[in-house]
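Per-entry structural report
These are the residues of each chain, in order.
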Amino acid sequence: MRDRVAMTAAKLVLEPVFEADLLPVSFGFRPRRSAHQACDAIRAEANRGADWGLDADVRDCFGSIDHDALLGQVARRVADRRMLKLLRCWLRVGVLEDGVTTETGSGTPQGSPISPLLANIALHVLDAEWTRGGRSLGVLIRYCDDFVILCRTRPQAEQARRLVAEILATLGLHLHPTRPGSWGSPRAGRVRLPRLPPSQGGVLALARALLPATMAGHPRDERHLGQALGGTDRRFVGHGLAWIVANLNRVLRGWGVYFRHGNAARKFAGIDSYVHERLAIFASIKHGLRYHRNWTRRFTWAWRQGLGVYRLSGRVRSGAAHALR
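Anyway, here's the lowdown on the structure attached to this text.

Our focus in this paragraph is the overall build of the protein. Looking only at helices and strands, the protein has 13 helices and 9 strands in total. Classification of the 325 residues of the protein by burial places 43% in the buried group. Once local pairs closer than 6 in sequence are excluded, the contacts in the protein between residues at least 24 apart make up 69%. With the model as given, the accessible surface of the protein reaches about 17700 Å², and the carbon-plus-sulfur share is 52%.

By the element assignment, aspartate 51 lies in the loop between α2 (35-46) and β1 (52-59). Residues aspartate 51 and threonine 153, spaced 102 residues apart in sequence, show a C-alpha to C-alpha distance of 6.9 Å.

Attention shifts here to unusual backbone geometry. Of note in this structure, phenylalanine 29 is not a glycine but carries a positive phi near 55°. Secondary-structure assignment places phenylalanine 29 in the loop between α1 (2-19) and α2.

Glancing now at the pattern of salt bridges. In the structure shown here, the tally under the stated rule is 13 salt bridges. The closest approach of N and O atoms between arginine 92 and aspartate 68, which form a salt bridge, is 3.3 Å. Placement of arginine 92 in the loop between α5 (81-91) and β2 (95-97) and of aspartate 68 in helix α4 (residues 67-75) is noted, with a sequence separation of 24 residues between them. Take aspartate 68: its relative accessible area is 54%, and that puts it in the exposed class. As a salt-bridge pair, arginine 154 and glutamate 158 come within 3.7 Å of each other at their nearest N and O atoms. Taken together, the residues arginine 154 and glutamate 158, both in helix α7 (residues 154-169) and 4 residues apart, mark about one turn of the helix. The class of glutamate 158 is buried, set by a relative accessible area of 18%. What emerges from the salt-bridge pattern is a single network uniting Arg154, Glu158 and Arg161.

Here β1 runs beside strand β5 (residues 146-151); their pairing, made up of 6 bridges, is antiparallel. In the strand pairing of β5, alanine 56 is matched with phenylalanine 147. Note: β1 against strand β6 (residues 174-175), 2 bridges, orientation antiparallel. Of the residues in β6, the one forming a bridge with arginine 59 is histidine 174.

This paragraph deals with the packing of aromatic side chains. Taken as a whole and judged by the stated rule, the model has 3 aromatic pairs. Ring centres of phenylalanine 236 and tryptophan 243 lie 6.3 Å apart, and the angle between their planes is 35°; this geometry places the pair in the tilted category. Taking relative accessible area as the criterion, phenylalanine 236 reaches 21% and is therefore assigned partly exposed. The aromatic ring of phenylalanine 27 is capped on one face by arginine 33, whose charged end is 4.8 Å from the ring centroid. Against the face of tryptophan 301 rests arginine 311, its NZ or CZ located 5.5 Å from the ring centre.

With 16 residues, α7 should cover 22 Å at 1.5 Å per step; its first-to-last C-alpha distance of 23 Å lies within 8% of that length. When α7 is considered as a whole, its buried residues turn out to be Ala157, Glu158, Ala160, Val164, Ile167 and Leu168. At its buried positions, α7 is contacted by β1, α6 (115-133), β5 and β6. If you check the start of α7, you find a side-chain oxygen 3.3 Å away from the backbone N of glutamine 156, and it comes from threonine 153.

Along its 12 residues, α2 runs 17 Å from first to last C-alpha, staying within 8% of the 16 Å computed at 1.5 Å per residue. What α2 keeps buried is the set Ala35, His36, Gln37, Ala38, Cys39, Asp40, Ile42, Glu45 and Ala46.

This brings us to the environment of glycine 238. Looking at where glycine 238 falls in the secondary structure, it is placed in the loop between α9 (227-230) and α10 (241-259). In this structure the C-alpha to C-alpha distance between glycine 238 and lysine 286, which are 48 residues apart in sequence, comes to 7.6 Å.

On to the packing of α1 against α5. As a packed pair, α1 and α5 sit with axes 12 Å apart at the nearest point and diverge in direction by 130°. Our classification of the angle between α1 and α5 gives oblique. For the crossing formed where α1 meets α5, the hand is left-handed. Judged by residue contacts, Asp3, Ala6, Met7, Ala10 and Leu14 of α1 engage Met83, Leu87 and Trp90 from α5. Partitioning the contact of α1 with α5 into residue classes produces 7 nonpolar, no polar and 1 charged.

Here tryptophan 255 is to be found in helix α10. Remark: the alpha-carbon pair of tryptophan 255 and leucine 312, spanning 57 residues in sequence, is separated by 9.2 Å.

The next point concerns the nonpolar core. Core analysis: the biggest nonpolar cluster contains 43 residues, and Leu87, Ile114, Phe147 and Ile149 have the highest contact counts within it. Put simply, the parts of the chain that give this core at least two residues each are α1, β1, α4, α5, α6, β5 and α7. Examining the composition of this core, we find that 9 residues originate from one element, α6, more than from any other. Beyond its immediate sequence surroundings of up to four residues, isoleucine 149 is in contact with Trp52, Gly53, Leu54, Trp130, Gly138, Val139, Leu140, Ala160 and Val164.

Rules of the game
Residues numbered from 1 in each chain as written. Predicted model: local features only at pLDDT ≥ 70, side-chain atom pairs only at ≥ 80, totals over all residues. Heavy atoms only, no water. Helix = DSSP H or I, 4+ residues; strand = E, 2+ residues; numbered from the N terminus. Buried < 20%, exposed > 50% of the residue type's maximum accessible area, 1.4 Å probe, protein only. Contact = heavy atoms within 4.5 Å. Areas by Shrake-Rupley, 256 points an atom, 1.4 Å probe, with all protein chains shown as cover. Salt bridge = Lys/Arg side-chain N within 4 Å of Asp/Glu carboxyl O. Pairing = 2+ DSSP bridges. Phe/Tyr/Trp six-rings, centres within 6.5 Å; stacked < 30°, edge-to-face > 60°. Lys NZ or Arg CZ within 6 Å of the ring centre and 35° of its normal. Expected span 1.5 Å × (residues − 1). Polar contact = N/O pair within 3.5 Å; in protein donor to acceptor, adjacent residues only side chain to side chain. Axes fitted to C-alpha atoms, helices over the stretch in contact; angles between N-to-C directions. Parallel < 35°, antiparallel > 145°, perpendicular 65-115°, else oblique. Left-handed = near helix turned anticlockwise from the far one by under 90°. Nonpolar A, V, L, I, M, F, W, Y, C, P; charged D, E, K, R; others polar. Core = buried A, V, L, I, M, F, W, Y, C linked by side-chain atoms within 4.5 Å.

Right, dumping it as C-alpha cells:
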C-alpha cells in the first residue's frame, strides 16, 4: 500500500512534465483523452482516403520495456537524482513468485499506478520517430501499447510495419505478428465500412460500430452483458423482479454510457428486445406461467417500462467523449 501511494504521488509530479512533450497521436492513459477520441481520429483519417491500416500492438509491452532505454528517456526531462533513483528501484525490484524474488532487466511494475505513464514515456520514442520519418507513409494513432497506422496503399502499410518494428527494437520491444488490412474486414475491430444511403451519395464511409469483436456476438449472446443477464436465470427465481432489475440496470447503464458513442442504434435496439424477452421468461417461471411465443401480449413494453428497466435505445451520441472519471 505504501508503494502504491508513493507511485501515485510520483505520477502526479511527473505527468505534467511529460504531458508537455507527448504528441497528439497518443490517446491512452492521458488527461482528458480517451479511446472514443482515438476511434474518432481513425474514422476521420480513413474517410480522407486512408484505405489501408496496420492494426497492431506491442508484445508484452509492460513486461519488456528496456530499463536503461526508459530511464534514459526520463532523464531527458528529470534531473532530480532522488526521483531517478526511486524509479530505478521500482523498475528493478523484481517479481515475487512462490516466495522467490526474481530480478528483471526489463518491464515496469505490473499493475502499478505509474506503469501507464512509464509506458507512454517509452513509446513517445515511436511517436517522435514516426513524426520525423514515417509521416509520408501514413498517420499513426496510438492508445498506449495498441496503435493503428492509416495508409493509402498496401505497400505503404507494409513499409510502415517494418519501420515500426525497427523503432520498437531500440526499446527492447517487438510487435505481435500482424499484417495490414483494408477497412471492412473482420480485423477492423470497432470500425466498419458501410454504404451511405443514396440521399448521401451512396459512397463508402468509415463509421464506428459495435461489431462482434466488441459485443461478443449477436445481441442474443449473453456474454456481452456478463453476469447481469445471467441473473435472470431460473435459479434466481426466489428473488423479486425489483432485485433482478436493479442488478441489470447497473450493468446496462455503465455498458451503454461507454458504447453509446458511435453507430450503435441498431445493436442497442436488439439488446433492449433481448433484455425484455429474458425478463418475460423469468417472470413466467416465477409465476408458474407457460412461456410461449405470444409472450408480448402479457409482458408488454408498458410492463417492462413499469419495472424501470434501463433502456439503451435513444441514447446514442455522436462525437467523442472524454474518459469517465
